[in-house]
Amino acid sequence: MKNLIIIINIFLILLATELFFKYVLDYRSISKVNTCKRIYDNEKDFSFYTPNCKNIIKHWEQKKFVTYEINSKGRRDQPNQVPNQKKIAFIGDSFTFGAMVPIEDNYNFYAFKKILNSPYEIHNYGTPAEQLHNVLNKLKTLEYRSYDYIIYGITPNDFFDLVDGSYFSKTKDKDKTKKIIENKKNKMETFKSIKNYLLSTASSRFILHNLISNDKIYLKTYLSRKPYSGYLLKNLPEEWIKATNYLDESLKILDNNLKSKLKIFILPQRAEVVSNRLNSYNSSFINSLIKICNKNNIDCSFPDLDSLSAIEESHFPVDGHLSIQGNHEVAKSLSEWVKNWN
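Residues numbered from 1 in each chain as written. Predicted model: local features only at pLDDT ≥ 70, side-chain atom pairs only at ≥ 80, totals over all residues. Heavy atoms only, no water.

Undergrad: I'm lost on the side chain of His-59 in this one. Help?
TA: Turning to its location among the elements, His-59 is positioned in the loop between β4 (53-58) and β5 (66-70). Apart from residues no more than four positions distant in its own chain, His-59 is found in contact with Arg-28, Ser-29, Met-100 and Asp-319. (Helix = DSSP H or I, 4+ residues; strand = E, 2+ residues; numbered from the N terminus. Contact = heavy atoms within 4.5 Å.)

Undergrad: Could you clarify how one ought to interpret the packing of aromatic side chains in this entry?
TA: Pairs of aromatic rings are described using the distance from one ring centre to the other and the angle between the two planes. For the structure on display, the rule yields 24 aromatic pairs. Ring centres of Tyr-149 and Trp-341 lie 4.7 Å apart, and the angle between their planes is 50°; on these two criteria the pair is classed as tilted. With a gap of 192 residues between them, Tyr-149 in strand β8 (residues 149-154) and Trp-341 in the segment after α14 (324-338) connect regions that are remote in the sequence. Taken together, the ring pairs in this structure connect Phe-90, Tyr-107, Phe-112, Tyr-120, Tyr-149, Phe-265, Trp-337 and Trp-341 into an aromatic cluster. (Phe/Tyr/Trp six-rings, centres within 6.5 Å; stacked < 30°, edge-to-face > 60°.)

Undergrad: Any chance you could explain the sheet that holds β4 here in plain terms?
TA: Backbone hydrogen bonds are what pair the strands of a sheet, in a parallel or an antiparallel way. Here we have three strands laid out as an open sheet, ordered β1-β4-β5, and antiparallel in their pairing. Looking at the sheet topology across the chains shown, the edges are occupied by β1 (30-34) and β5. This sheet shows a mean twist of 10° between the axes of neighbouring strands, independent of strand direction. In this structure, β1 lies alongside β4, joined through four bridges in antiparallel fashion. Of the residues in β4, the one forming a bridge with Val-33 is Ile-56. (Pairing = 2+ DSSP bridges. Axes fitted to C-alpha atoms, helices over the stretch in contact; angles between N-to-C directions.)

Undergrad: Teacher, can you tell me more about the environment of Gly-126 here?
TA: Tracing the chain through its elements places Gly-126 in the loop between β7 (121-124) and α4 (132-141). Overall, Gly-126 belongs to the buried group, its relative accessible area being 6%. With 30 residues separating them along the chain, Gly-126 and Thr-96 place their C-alpha atoms 4.9 Å apart. Those residues within four positions of Gly-126 in sequence are excluded, and the remaining contacts are Phe-90, Ile-91, Gly-92, Asp-93, Thr-96 and Phe-97. (Buried < 20%, exposed > 50% of the residue type's maximum accessible area, 1.4 Å probe, protein only.)

Okay, structure coming up:
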């Protein structure tokens, strides 16, 4: 009887703890509205959202809901922009899309509309989960004559399916490709299963959030994710050199009229900010991209890592996307770069 009472008390304590983290500290994800569907165009090899849709979501690392509205053109633009003949297009992945933040706080709109008070009409073609080849394919479909500039907000994770070998658009060894893709899927499924398990309760979310918030623990964990973490090393691994060479070759064959309007803004992931804060940052990856930009006569830039390192939480610790404050700091660097444009 005594043991039963102890077990019941432990259960009640664990239940009370879980309810506290879930409803008092609000470590839960909630979806109020979810009408947007992400569609992959197999022929064009990029994705887009259904036009005129809306998602209203609160991620468990957030305190407030974020509204994601997709307009009739399939873009997540800031509403009620004043039409202007001067236009800028942004392309990229979820960082450019503005994941986890209101659109007015996203680095692109915050830089042009809040800091610069610019008359430019901004079109945001960013789409979550897109890889380098997806973004470049979407770039080729843009009506470049309509834009003064096209800015690619590029991130290291845009190269991941090149780095792990799962993207082989020109390979002749189909069996090898199939095997690599299957291996990647198995590894990703294992990773997702572990992550889902760790995030299955509000209590585990709280613990993981606080563990990963520790810079040393986070960086050590991130570096173990090979080959994806290779861009942080002093000497880029072979798979990363091949991946950046893919970008170089893709830019070489890009239409010159389109290329003349393209600019590349290198967006940092949390791992880069943390390594900079721990005085272990290596600029090999950024240097390689800058070299590629120079070879192709493309203007490129990147945010100030020191200013981002001074922020307690430049990115959401577990999710990894830029926080509102992180977006604002990136926007400051972007706005300074814009001032130098001719």
